[in-house]
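# Secondary and tertiary structure notes
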Amino acid sequence: MRIEELFRLLPSVDELVSRAGGGVPHELAVQECRAVLEELRAMIRAGEKTLPDPLTLLQDRLQALGRSSLQRVINATGVVLHTNLGRAPLTESATTGWYSNLEYDLGTGRRGKRDSHTASLLERLLGVPGIVVNNGAAAVFLALHELAAGGEVIVSRGELVEIGDGFRIPDIMARSGAVLVEVGTTNRTRVEDYERAITERTRLLMRVHPSNFRIQGFTGRASIEELAALGKARGVPVYEDLGSGSLADLTPFGVTEPTVQSSLRAGADLVSFSGDKLLGGPQAGVLAGREDLVHRLRRNPMFRALRVDKLVIAALETSLRHILLQEWQALPVMRMIRLTAEELKARAEGLAAAVEGASVVPGHSLLGGGSTPEQVLPTWLVALPGQAAELERKLRGGEPAVIARIEGDRLLLDLRTVRPEEEAELAEAIRKAL
Ligand SMILES: *Cc1c(COP(=O)(O)O)cnc(C)c1O
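Summarised in this report is the structure supplied together with it. (Residues numbered from 1 in each chain as written. Predicted model: local features only at pLDDT ≥ 70, side-chain atom pairs only at ≥ 80, totals over all residues. Heavy atoms only, no water.)

### Description of the pairing of strand 16 (residues 410-414)
The criterion, for reference: The buried label goes to any residue with under 20% of its type's maximum accessible area, the exposed label to any with over 50%, and the partly exposed label to all in between, with areas taken from a 1.4 Å probe on protein chains only. Put simply, DSSP marks the helices as runs of H or I at least four residues long and the strands as runs of E at least two long, and each gets a number from the N terminus on. Only strands joined by at least two bridges in the DSSP assignment are considered to pair.
For strand 16, the tally of buried residues reaches four of five residues, placing the bulk of the element in the interior. Judged from the four bridges that link them, strand 13 (residues 376-384) and strand 16 form a sheet pairing that is antiparallel. In the sheet register, V382 faces strand 16, and the bridge partner there is L413. By the bridge criterion, three bridges tie strand 15 (residues 405-407) to strand 16 in an arrangement that is antiparallel.

### Focus: the packing of aromatic side chains
Quick note on the threshold: Any Phe, Tyr or Trp ring, taking Trp's six-membered ring, that has another such ring centre within 6.5 Å forms a pair; planes under 30 degrees apart are called stacked, those over 60 apart edge-to-face, and the others tilted. We call a charge positioned over a ring when the NZ of a Lys or the CZ of an Arg lies within 6 Å of the ring centre and within 35 degrees of the ring normal.
Enumeration according to the criterion identifies zero aromatic pairs in this entry. Here the guanidinium or amino end of K345 rests over the ring plane of W380, the centre of that ring lying 4.4 Å away.

### Some words on the site of the ligand
Note the cut-off: Nearness is judged by heavy atoms alone; a residue qualifies as near a molecule or strand once a single heavy atom is within 4 Å of it. The term polar contact refers here to a pair of N or O atoms within 3.5 Å; inside protein, the definition further demands a hydrogen-donor-capable atom paired with an acceptor-capable atom, and it admits residues adjacent in sequence only when both atoms are side-chain atoms. Areas reported as accessible are Shrake-Rupley estimates using a 1.4 Å probe. Residue values count occlusion only from the protein chains shown. Side-chain classes are defined by residue name, with Ala, Val, Leu, Ile, Met, Phe, Trp, Tyr, Cys and Pro counting as nonpolar, Asp, Glu, Lys and Arg as charged, and the others, Gly among them, as polar.
As a structural note, the neighbourhood of the ligand is formed by 13 residues, with G136, S211, D241, S274 and K277 the closest of them. In this structure, a nitrogen atom belonging to the ligand sits 2.6 Å away from a side-chain N or O atom of D241. The separation between an oxygen atom of the ligand and a polar side-chain atom of K277 is 2.8 Å. Its free accessible area being 390 Å², the ligand has 94% of it covered by the protein chains. If you list the elements that add at least two residues to the shell around the ligand, you get helix 6 (136-148) and strand 9 (238-243). Of the residues assigned to the shell around the ligand, the class counts are four nonpolar, six polar and three charged.

### Re helix 13 (residues 310-324)
The line we're drawing: How far a helix is expected to stretch is found by multiplying one less than its residue total by 1.5 Å. Pairs of residues are marked as contacts when any of their non-hydrogen atoms sit within 4.5 Å.
With 15 residues, helix 13 extends 21 Å from end C-alpha to end C-alpha; this agrees with the ideal 21 Å at 1.5 Å per step. Along helix 13, the residues classified as buried are V312, I313, A314, A315, L316, T318, S319, L320, H322 and I323. Where helix 13 is buried, its residues touch helix 5 (116-126) and strand 5 (130-133). Its side-chain oxygen at 2.9 Å from the backbone nitrogen of L311, D309 defines the N-terminal cap of helix 13.

### Some words on the side chain of T202
Looking at the element boundaries, T202 is found in strand 8 (residues 202-208). Taking relative accessible area as the criterion, T202 reaches 8% and is therefore assigned buried. Beyond its immediate sequence surroundings of up to four residues, T202 is in contact with E152, I154, A197 and V236.

### Comments concerning the sheet that holds strand 11 (residues 285-289)
The condition that has to hold: An axis is simply a line fitted to the C-alpha atoms; with a helix, the fit covers only the stretch in contact. Between two such axes, the angle follows the N-to-C directions and lies from 0 to 180 degrees.
Ordered in space as 5-11-10-9-8-6-7, the seven strands form an open sheet in which the pairing is mixed. Two strands lie at the open edges of the sheet, namely strand 5 and strand 7 (179-183), each paired on one side alone. Sheet twist, expressed as the mean angle between neighbouring strand axes with direction ignored, is 25°. As paired strands, strand 8 and strand 9 are joined by four bridges and run parallel to one another. Each residue of the ladder has a partner; that of V208, found in strand 9, is D241.

### Observations regarding the nonpolar core
Note the cut-off: Residues belong to a common nonpolar core when they are buried Ala, Val, Leu, Ile, Met, Phe, Trp, Tyr or Cys residues joined through side-chain atoms within 4.5 Å.
Core analysis: the largest hydrophobic core is formed by 54 residues, its most contacted members being L126, L247 and F273. L147, V155, L204 and L270 belong to the second largest nonpolar core, which has 30 residues in total.

### Brief notes about the environment of A197
Structurally, the position occupied by A197 is in helix 8 (residues 191-197). Not counting the four nearest positions on each side in its chain, A197 is found in contact with I154, V181, V183 and T202.

### Some remarks on unusual backbone geometry
Here the residue pair E399 and P400 is connected by a cis peptide bond, since its omega of 0° sits within 30 degrees of zero. When you line up the elements, P400 lands in the loop between helix 16 (388-397) and strand 14 (401-403). Look at R87: it is not a glycine, yet its phi comes out positive at around 50°. The phi dihedral of Q326 falls on the positive side, at around 55°, and the residue is not glycine.

### A word on the environment of Y104
With respect to the helices, strands and loops of the structure, Y104 is situated in strand 3 (residues 104-105). C-alpha separation for the pair Y104 and M302, spaced 198 residues apart in sequence, amounts to 22 Å. If near-sequence neighbours (up to four positions away) are discounted, Y104 is found in contact with G109, R110 and G112.

### Thoughts on the pattern of salt bridges
How we decide: Salt bridge, as used here: a side-chain nitrogen of Lys or Arg that lies within 4 Å of a carboxyl oxygen of Asp or Glu.
Counting across every chain of the model gives 31 salt bridges. Where R41 meets E38, a salt bridge forms, and the shortest distance between an N and an O atom there is 3.2 Å. In this pair, R41 and E38 are both assigned in helix 3 (residues 26-45), three residues apart and thus about one turn of the helix distant. One salt-bridge network, held together by shared partners, links R72, R419, E421, E422 and E425.

### What to know about the packing of helix 5 against helix 13
For clarity, the threshold we go by: Roughly parallel covers angles under 35 degrees, roughly antiparallel covers those over 145, roughly perpendicular covers 65 to 115, and oblique covers all other angles. Two helices crossing with the near one rotated counterclockwise from the far one by less than a right angle form a left-handed crossing, whereas a clockwise rotation gives a right-handed crossing.
It is at 9 Å that the axes of helix 5 and helix 13 come closest, and there the two elements cross at 25°. In this view, helix 5 runs roughly parallel relative to helix 13, as classed from their interaxial angle. Both helix 5 and helix 13 take part in a crossing whose hand is left-handed. Judged by residue contacts, H117, T118, L121, L122, R124 and L125 of helix 5 engage I313, L316, E317, L320, R321, I323 and L324 from helix 13. Looking at side-chain class alone, the contact of helix 5 with helix 13 contains eight nonpolar, two polar and three charged residues.

Following this line, the structure appears as structure tokens:
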């Protein structure tokens with residue numbers, strides 16, 4: 001058939017829309033219909049001889065409009081804080097009512113502050129006042145913008161990190177209006193290096209937790225204690241960007257992230273950390289420390305621009321309360337970190353028994369969330385038989401989508417990040433894919 005004839009065989013917009021039936025606003029159906037016809041014309045121009053049915057294409061598109069793009073997936077990668085899968089899963093209990101006392105003081109009947117809901121929890125946990133902004137990057141920006149714009153901030157060359165997705169400390173510093181003064185070398189920086197760089201323009205001594213990499217060998221960095229002593233002597237505050245910001249000691253589980261409390265105890269005047277990394281809450285950035293500094297941050301106009309929504313406040317309050325009351329089982333991230341290799345082995349064996357040809361092998365779960373690759377937890381993995389790449393694609397395309405790991409030429413599933421109640425569904429998805 002000639003190209004002109006193929007074009008002529010395409011239905012008109014009106015015809016196709018009326019055949020597709022109602023359900024969505026007419027204008028929208030027309031718009032989607034035009035897109036379908038344009039797609040088909042492009043195929044014809046490209047020399048395609050057998051075209052898909054226009055009506056099916058349109059109906060698929062209209063149906064997709066009603067489906068949520070953001071959907072639940074089963075995370076079988078074993079990466080606890082998987083940045084692509086939303087980092088920390090939220091506590092099941094975090095809710096807000098229809099209306100809430102978000103900025104209303106029920107005691108006095110007057111206007112309240114939205115961060116009053118998290119303020120007392122932060123103060124109890126950290127011993128200092130704290131405020132909440134949109135995320136860790138916003139916290140760094142606000143701290144530098146308020147405390148150092150127009151002045152200088154001293155940072156070690158070993159800590160000028162890129163966290164991911166292009167978030168670089170030097171860039172954010174430039175945007176905040178503060179001038180970066182680099183000291184030391186990539187692998188070693190001493191407190192004397194900071195000391196020599198202090199001028200009358202110095203506003204902050206900054207330390208950045210190098211969350212996602214490790215420099216090995218001949219290395220050294222100034223401790224917070226040393227920096228705090230220097231800062232005190234010279235009247236310059238010390239600010240530490242902790243990144244993941246663990247509020248609970250995780251060393252019993254083999255995780256060696258510095259806690260927020262230890263940084264403050266060591267003398268940091270101000271710290272910042274993310275809400276959805278090891279804290280286990282929603283996306284947020286917390287700034288906590290000396291009262292006068294926190295007071296200034298809260299009065300900066302950018303604080304209003306970076307403020308968090310009520311859903312975030314509700315989820316963060318719930319997470320902080322669980323941490324304060326040490327209700328670890330109620331916090332998904334803590335629950336997953338605390339799973340022992342034995343528990344996981346039993347669960348992996350259960351899943352493997354339900355899938356023909358599957359075997360159970362020892363391996364490691366990753367902490368993730370910008371932590372180093374060495375932060376691993378022992379686990380047992382379910383290895384699936386068959387061609388790994390194809391299996392991975394099939395599982396990913398299922399409903400719910402299952403995200404797994406490929407190592408070598410094997411497809412591996414780690415149940416650490418799978419909820420026990422998802423296991424039957426997972427077994428079914430695997431059987432289908434195989
Ligand atoms: C993750 C991280 C950030 C950014 O935090 P977000 O909440 O992702 O914006 C900043 N600094 C460090 C050291 C980090 O690890």
